[in-house]
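Residue-level structure breakdown
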Amino acid sequence: MLIIVPPSETKQPPPERGSPVALDALSFPELTPLRERILDALIETSAGPDAFERLFERPTMAAHVARNTRLLELATRPAAEVYTGPLHAGLGLASLSAAAAERAKRSVVITSALWGALRPTDRIPAYRLRAWSSLVGMNRLEPMWRTILPGLFARLVGPDGVILDLRPPSFQALGMPTGLNDRTVALRVDQSDDGGGRIGDVVAKRIRGQAARHLLESSAEHDSPDVLVDVLAERWPVRLQEPTRPGKVWTMTLSVDA
């Protein structure tokens, strides 16, 4: 099983001391050339007079944008600690059982407009970058990552594995696994219930993370969409929808009371 996780907008600040990012030490070295280009462009963009416009940031984020100019100097943390949004809180990689933590090392990949794809243990600095930012000399990043990430995902999952994609459409635009629609499952949370209640986006994100955690804690062989449904049905009502047309993936929806 391959679990594709989005980054989070909120990030833990860098520690006061520590080593800076070592690009050659990150997982998936085939991504290094594009990572270097994006890093350089992000640093240049963040130092420019139109930084807020290009990065789609408010002036209240000035300190975060300024920090981008020092990305090659900042101390780092494991990616699993850097990303602190609700999905990552629900996933809770740091508190997995020993067996689940081993599965996470093999199964979890965190996607990012800056780094492309990371393992949870890869050490990175905190940064500020949206997938749709317009960097100096590069413009939008999605088309560039789409030339590399689909093939990487296909290689990581292998000939028989199933993919659970936790990303929203904005991050799926970085690349979908090549030729694996029949083994790719997008996870959704039904935010409306029969009683007219509605859960918020933050809760829905946390539940998606909890669902991935539940799968990691399971010893079942996650080799088909049906198996994912069986495991998650231990905790939530689940609906599985087949691809509606060629090029689309399976959709698994969890129902949660508001």
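First things first, this report covers the structure right here in the doc. On a predicted model such as this, the values are computed, not experimentally measured, just so you know. (Residues numbered from 1 in each chain as written. Predicted model: local features only at pLDDT ≥ 70, side-chain atom pairs only at ≥ 80, totals over all residues. Heavy atoms only, no water.)

1. Topic: the overall build of the chain
For clarity, the threshold we go by: Under the scheme used here, helices are H or I runs from DSSP no shorter than 4 residues and strands are E runs no shorter than 2 residues, and both carry numbers assigned from the N terminus. In this treatment the radius of gyration is a C-alpha quantity, and the globule benchmark scales as 2.2 Å times the residue count to the 0.38 power. Buried means the residue's accessible area, taken with a 1.4 Å probe over protein chains only, is under 20% of the maximum for its type, while exposed means over 50%, and partly exposed covers the values in between. Contacts were defined at the residue level, with two residues in contact if any of their heavy atoms lie within 4.5 Å. Neither His nor the chain termini are counted; the positive set is Lys and Arg, and the negative set is Asp and Glu. The atom standing in for a charge is NZ when the residue is Lys, CZ when it is Arg, CG when it is Asp and CD when it is Glu.
Helix and strand counts for the chain come out as eleven helices and nine strands. The globule rule puts the C-alpha radius of gyration for 258 residues at 18 Å, and the 18 Å found for the chain is close to it. Projected onto the principal axes, the alpha-carbon positions of the chain cover approximately 50 × 40 × 40 Å. Counting across all 258 residues of the chain, residues that qualify as buried make up 50%. Long-range contacts, defined here as pairs at least 24 residues apart, represent 69% of the contacts in the chain between residues at least 6 apart. With 31 positive and 30 negative side-chain charges, the chain shows a spacing of 4 Å between the two charge centroids.

2. With respect to the sheet that holds strand S4 (residues 116-118)
Quick note on the threshold: Pairing between strands is defined by DSSP: at least two bridges between the two strands are required. The convention used is that axes are lines fitted to C-alpha atoms, helices contributing only their stretch in contact, and that angles between N-to-C directions extend from 0 to 180 degrees.
If you trace the seven strands from one edge of the open sheet to the other, you get S4-S3-S1-S6-S7-S9-S8, paired in mixed fashion. In this open sheet, the two edge strands, each paired with only one partner strand, are S4 and strand S8 (238-241). Taking each pair of neighbouring strands and ignoring which way they run, the sheet shows an average axis angle of 25°. Here strand S1 (residues 2-5) runs beside strand S6 (residues 163-165); their pairing, made up of three bridges, is parallel.

3. So, the pattern of salt bridges
The criterion, for reference: The term salt bridge refers to a side-chain nitrogen of Lys or Arg lying within 4 Å of a carboxyl oxygen of Asp or Glu.
The tally for this structure, following the rule as stated, stands at ten salt bridges. In this structure, Arg128 engages Glu9 in a salt bridge whose closest nitrogen and oxygen atoms are separated by 2.8 Å. Highlighted residues: Arg128 in the loop between strand S5 (123-124) and helix H7 (142-145) and Glu9 in the loop between S1 and helix H1 (32-46), separated in sequence by 119 residues. Judged by its relative accessible area of 47%, Glu9 falls in the partly exposed class. Between Glu57 and Arg130 there is a salt bridge, and its shortest N-O distance comes to 3.5 Å. Taken as a pair, Glu57 in the loop between helix H2 (51-55) and helix H3 (62-68) and Arg130 in the loop between S5 and H7 lie far apart in primary sequence, 73 residues in all. On the accessibility criterion, Glu57 (8% relative accessible area) is buried.

4. Regarding helix H8 (residues 149-157)
Using the following cut-off: The arc under discussion is defined with respect to the helix axis, by the directions toward the C-beta atoms.
Listed as buried for H8 are Leu149, Pro150, Leu152, Phe153 and Val157. The arc that holds every buried residue of H8, seen down its axis, measures 160°, which confines them to one face. The inward-facing, buried residues of H8 contact S1, strand S3 (108-112), S4, H7 and S6. Backbone geometry just after H8 places Gly158 at a positive phi near 80°.

5. Focus: the pairing of S1
In S1, alternate side chains face the same way, and those of Leu2 and Ile4 on one face and Ile3 and Val5 on the other are all buried. Relative to S3, S1 runs parallel, the two being bridged by three bridges. In the strand pairing of S3, Val5 is matched with Ile110.

6. Structural notes on a negative patch on the surface
This is how the line gets drawn: Nonpolar side chains (Val, Leu, Ile, Met, Phe, Trp, Tyr) are joined into patches within 5 Å and like charges within 9 Å, using only residues with over 30% relative accessible area and no salt bridge. All accessible areas in this document rest on Shrake-Rupley with a 1.4 Å probe, and a residue is counted as covered only by the protein chains that are shown.
On the surface, Asp226, Asp230, Glu234 and Glu242 cluster together to form a negatively charged patch. Tracing the chain through its elements places Asp226 in helix H11 (residues 225-232).

7. A word on the packing of aromatic side chains
Quick reminder of the rule: When two rings of Phe, Tyr or Trp (its six-membered ring) have centres within 6.5 Å they constitute a pair, described as stacked for plane angles under 30 degrees, edge-to-face for angles over 60, and tilted for the intermediate range. As a reminder, the over-ring test applies to NZ of lysine and CZ of arginine, requiring each to be within 6 Å of the ring centre and within 35 degrees of the ring normal.
In total, this model carries two aromatic pairs according to the counting rule given. Centre to centre, the rings of Tyr83 and Tyr127 are 6.3 Å apart; their planes meet at 90°, and the pair counts as edge-to-face. In this pair, Tyr83 sits in the loop between helix H4 (79-82) and helix H5 (86-91) while Tyr127 sits in the loop between S5 and H7, placing the two residues 44 residues apart along the sequence. Pair check on accessibility: Tyr83 and Tyr127 agree, each one buried. Note on Trp115 and Tyr127: the rings are 6.1 Å apart at their centroids and 85° apart in plane angle, and the pair reads as edge-to-face. Here Tyr127 lies in the loop between S5 and H7 and Trp115 lies in the loop between S3 and S4, a separation of twelve residues in the sequence. Tyr127 shares its class with Trp115; the two are buried. Stacked on the ring of Tyr127, the Lys or Arg Lys11 has its end atom at 4.5 Å from the ring centre.

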